[in-house]
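# Observations on the three-dimensional arrangement
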Amino acid sequence: MSKETTRFFLPFAVPAADRDRPFEKRMEMATILCLAESERKKGKGVILKKPKEELVFIAEAYYPMWLVPWMNRGLLFDGLSVITHTFVYDKLPDVKNFADSVKGSTETREAYAAFLSDSLNYFHNFTGKEEKTIEGLVTNDDLIRDFASYLPEAKTVKQPIIDKAILSPSLDETEISSFTQELSNLRVVIMDDITNLDQSMKLLSDTTKSHVKNIREEITETRTKFNEKIEALKPSVMEKVREIQKKYNEKIAELSKEMDSELYRLHSERAKLAQAKERARVNLERCEAGIKSSKLRKDETGAHRWKLEAENCKKERSSLEKSLKALDRRLKNTEAEKQLKISALRSEYNIRAEEAMKGLMDLEASRDAKIGMRQQEIESLEDSTSTVISQIDGLVKLKKAVMNQLDKMGIAKKPKKNTLIYVPFYLACYQVEAKKRYTAYSPSIASSLGILTKLKGVFGIARTKSLLQPRSKPIKNFLNQLLTLLEKNPVFEKEISDAGIQANILKTAETREKIKHGLEDLRDEGWISESELQKFSEMLT
């Protein structure tokens with residue numbers, strides 16, 4: 001560690017906003033003693049009595065954290081490298097090769113279209129994953145947030161600290177510098193990836209636009225050439241069509257005249273039959289009136305004569321009705337025949353007109369086909385380009401998300417240089433035979449003795465557990481990882497145990513006296529009872 005490295009120490013306990021009394025160091029140590037003793041296993045058990053633990057030491061320790069300037073922020077590193085962070089990011093396909101392929105296929109549209117077709121899935125998936133592990137890098141947002149809010153309370157200590165277990169960072173500034181350089185290199189790689197991807201999208205877009213522009217010009221040229229030919233041919237063709245139309249109009253007129261004459265004759269004949277039917281009806285009514293009159297006069301001869309005449313009238317009317325129905329069928333058939341013949345003439349005209357216009361229609365069809373092929377080519381180029389660009393854009397967004405993660409790491413305020421921040425905690429060590437157990441107490445807020453705390457005392461719950469409340473759950477969880485390391489690493493555990501014994505707050509008469517006064521303060525505030533004060537004081541004798 002460089003002699004110029006700035007070191008800051010954070011306070012272990014600060015008074016809560018509603019606490020109206022100071023919370024002195026002696027009260028802090030006394031409270032930790034009460035908490036440590038309450039967690040010591042007393043060896044209870046009736047049948048299988050467990051051995052009781054011995055309190056080996058209670059030491060105030062400081063955990064090293066590095067605050068390092070990087071970009072416009074301050075990165076937080078775990079000085080003991082208990083935690084690490086691994087960046088997992090996606091490996092891109094060969095973007096340069098893709099760009100070279102685009103440039104190499106721009107000479108002809110056919111080559112470019114084939115290249116696009118082959119590249120539809122080029123950027124569909126990443127080619128793999130790459131990892132970059134940075135030892136000690138803190139990326140937990142909650143921990144960083146709470147640590148940043150804790151930092152303003154940090155102070156420098158000019159005098160040597162001899163009664164605390166100050167843990168030396170295993171992560172030195174050379175390694176820190178190496179890690180920040182790796183982060184910078186990673187950022188450059190990602191930035192280059194984003195730039196190359198953006199350039200690929202622009203290259204694709206520009207190349208496709210250029211080809212589409214050329215195709216549109218070809219469409220305009222094709223339309224102009226064909227339209228000129230069509231306009232040149234149209235007058236002669238339309239003249240032929242008009243001649244054919246005139247000829248067939250005359251045929252239709254002649255046919256209509258002939259058919260209308262026959263229809264007129266049939267309608268005239270029908271009118272005569274209708275008149276005859278009306279006369280037969282009138283005669284029948286006259287006969288029925290004669291029959292009725294003869295019956296009134298009792299003229300049987302006259303009635304008989306009228307009946308015979310009435311029968312003849314009925315027969316005549318029935319015959320006339322049959323003739324009218326037959327004539328109506330002829331009228332209908334003749335009208336249908338007329339329409340059929342006219343329709344046939346019109347179909348014949350359409351065929352002759354189409355034959356006359358075949359050359360013109362072929363030119364129009366050829367024009368529309370060529371233009372349609374070019375428009376389909378435009379659509380195919382634009383769709384393929386859109387598909388590939390959409391895939392590239394998806395990769396850009398993922399890369400930007402990683403970049404955003406990098407740029408938002410750490411604390412918003414950038415330190416001027418590498419700074420060691422020591423986080424205070426108390427470490428209690430218990431021992432049963434050869435087995436040791438550790439408990440850590442994280443930075444806390446010193447509460448006031450409120451109504452709820454007093455009620456806890458009534459129900460037999462130690463009030464001192466309410467006195468010190470962890471100021472941050474993430475910081476508490478972070479420090480508790482140290483306990484796991486102590487279990488797994490015997491060498492490290494030996495170093496911590498030796499340091500804890502050296503910094504034991506119960507070691508010297510001076511600190512024990514301070515703790516006694518702190519216990520009295522706790523008694524005076526109501527946190528412990530007189531009997532508890534006596535019990536803890538005896539431990540310090």
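Quick note: structure is the one above.
All values reported here derive from a predicted model rather than from experimental measurement.

For helix α5 (residues 173–297), with 125 residues, the first-to-last C-alpha span of 150 Å runs short of the 186 Å given by 1.5 Å per residue. Helix geometry: α5 is bent most strongly at K234, by close to 40°, with proline P235 lying one to four residues after it. Between the side-chain oxygen of the N-cap and the backbone nitrogen of T174 there are 3.1 Å, and the N-cap of α5 in question is D172. K298 lies just past α5 and shows a positive phi near 60°.

This part covers the sheet that holds strand β11 (residues 468–470). Taking strand neighbours across the sheet as the criterion, the three strands line up as β2-β10-β11 in an open arrangement whose pairing is mixed. Among the strands making up the open sheet, the edge pair consists of β2 (13–15) and β11. Strand-to-strand twist in this sheet, taken as the mean axis angle between neighbours without regard to direction, amounts to 35°.

The next point concerns the packing of aromatic side chains. Under the counting rule described, the total for this entry stands at eleven aromatic pairs. Taking 4.9 Å as the distance between ring centres and 15° as the angle between the ring planes, the aromatic pair formed by F9 and Y422 counts as stacked. Of this pair, F9 sits in strand β1 (residues 6–9) while Y422 sits in strand β8 (residues 419–432); the two residues are 413 residues apart in sequence, bridging distant segments of the chain. The burial state of F9 is the same as that of Y422; both residues are buried. Through a chain of ring-to-ring contacts, three or more aromatic side chains come together here, namely F98, F115, Y122 and F123. Note that K229 overlies the ring of F226, its terminal NZ or CZ placed 5.7 Å from the centroid.

To continue, consider the pattern of salt bridges. Following the criterion strictly, the structure yields 42 salt bridges and no others. The closest approach of N and O atoms between R40 and E37, which form a salt bridge, is 2.7 Å. A single burial state applies to R40 and to E37, both of which are buried. When salt bridges that share partners are traced, they join K25, E28, E60, D163 and K164 into one network.

With respect to the helices and strands, the residue N504 is situated in the loop between α10 (490–502) and α11 (509–525). Of the polar contacts made by the side chain of N504, one reaches the backbone nitrogen of I58; its length is 3.1 Å.

So, about the nonpolar core. F77, L183 and I392 are the most contacted members of the largest nonpolar core, which totals 45 residues. Secondary structure elements with two or more residues in this core: β3 (54–70), β4 (73–78), β5 (84–91), α2 (95–104), α3 (109–118), α5, α6 (300–407) and β8. Of the residues forming this core, the biggest block, twelve residues, is contributed by α5. Non-local contacts of L183, meaning those with residues more than four positions away in its chain, are made with W70, L75, F87, I134, L137, L406 and M409. L80, L151, I411 and L483 belong to the second-largest nonpolar core, a separate cluster that totals 36 residues.

Inspection of the entire model under this criterion finds zero disulfides. Not engaged in a disulfide, the cysteine C313 finds its nearest cysteine sulfur in C287; these two sulfurs lie 4.1 Å apart.

Further remarks concern unusual backbone geometry. Positioned with a positive phi, S81 is a non-glycine residue whose angle comes to about 55°. With respect to the helices, strands and loops of the structure, S81 is situated in the loop between β4 and β5. At E433, a position not held by glycine, the phi torsion is positive, near 55°. With respect to the secondary-structure elements, E433 resides in the loop between β8 and β9 (435–441).

Now for the packing of α11 against helix α12 (residues 530–539). Between α11 and α12, whose axes approach to 10 Å, the crossing angle comes to 170°. Relative to α12, the element α11 is oriented roughly antiparallel. Each of K516, L519, E520 and R523 in α11 lies in contact with α12, whose residues at this interface are E530, L533, F536 and S537. Each residue belonging to the contact of α11 with α12 can be placed in one class, and the counts come to three nonpolar, one polar and four charged.

Criteria and cut-off values
- Residues numbered from 1 in each chain as written.
- Predicted model: local features only at pLDDT ≥ 70, side-chain atom pairs only at ≥ 80, totals over all residues.
- Heavy atoms only, no water.
- Helix = DSSP H or I, 4+ residues; strand = E, 2+ residues; numbered from the N terminus.
- Expected span 1.5 Å × (residues − 1).
- Bend = angle between axes of the 7 residues up to and from the residue.
- Polar contact = N/O pair within 3.5 Å; in protein donor to acceptor, adjacent residues only side chain to side chain.
- Pairing = 2+ DSSP bridges.
- Axes fitted to C-alpha atoms, helices over the stretch in contact; angles between N-to-C directions.
- Phe/Tyr/Trp six-rings, centres within 6.5 Å; stacked < 30°, edge-to-face > 60°.
- Buried < 20%, exposed > 50% of the residue type's maximum accessible area, 1.4 Å probe, protein only.
- Lys NZ or Arg CZ within 6 Å of the ring centre and 35° of its normal.
- Salt bridge = Lys/Arg side-chain N within 4 Å of Asp/Glu carboxyl O.
- Core = buried A, V, L, I, M, F, W, Y, C linked by side-chain atoms within 4.5 Å.
- Contact = heavy atoms within 4.5 Å.
- Disulfide = S-S within 2.5 Å.
- Parallel < 35°, antiparallel > 145°, perpendicular 65-115°, else oblique.
- Nonpolar A, V, L, I, M, F, W, Y, C, P; charged D, E, K, R; others polar.

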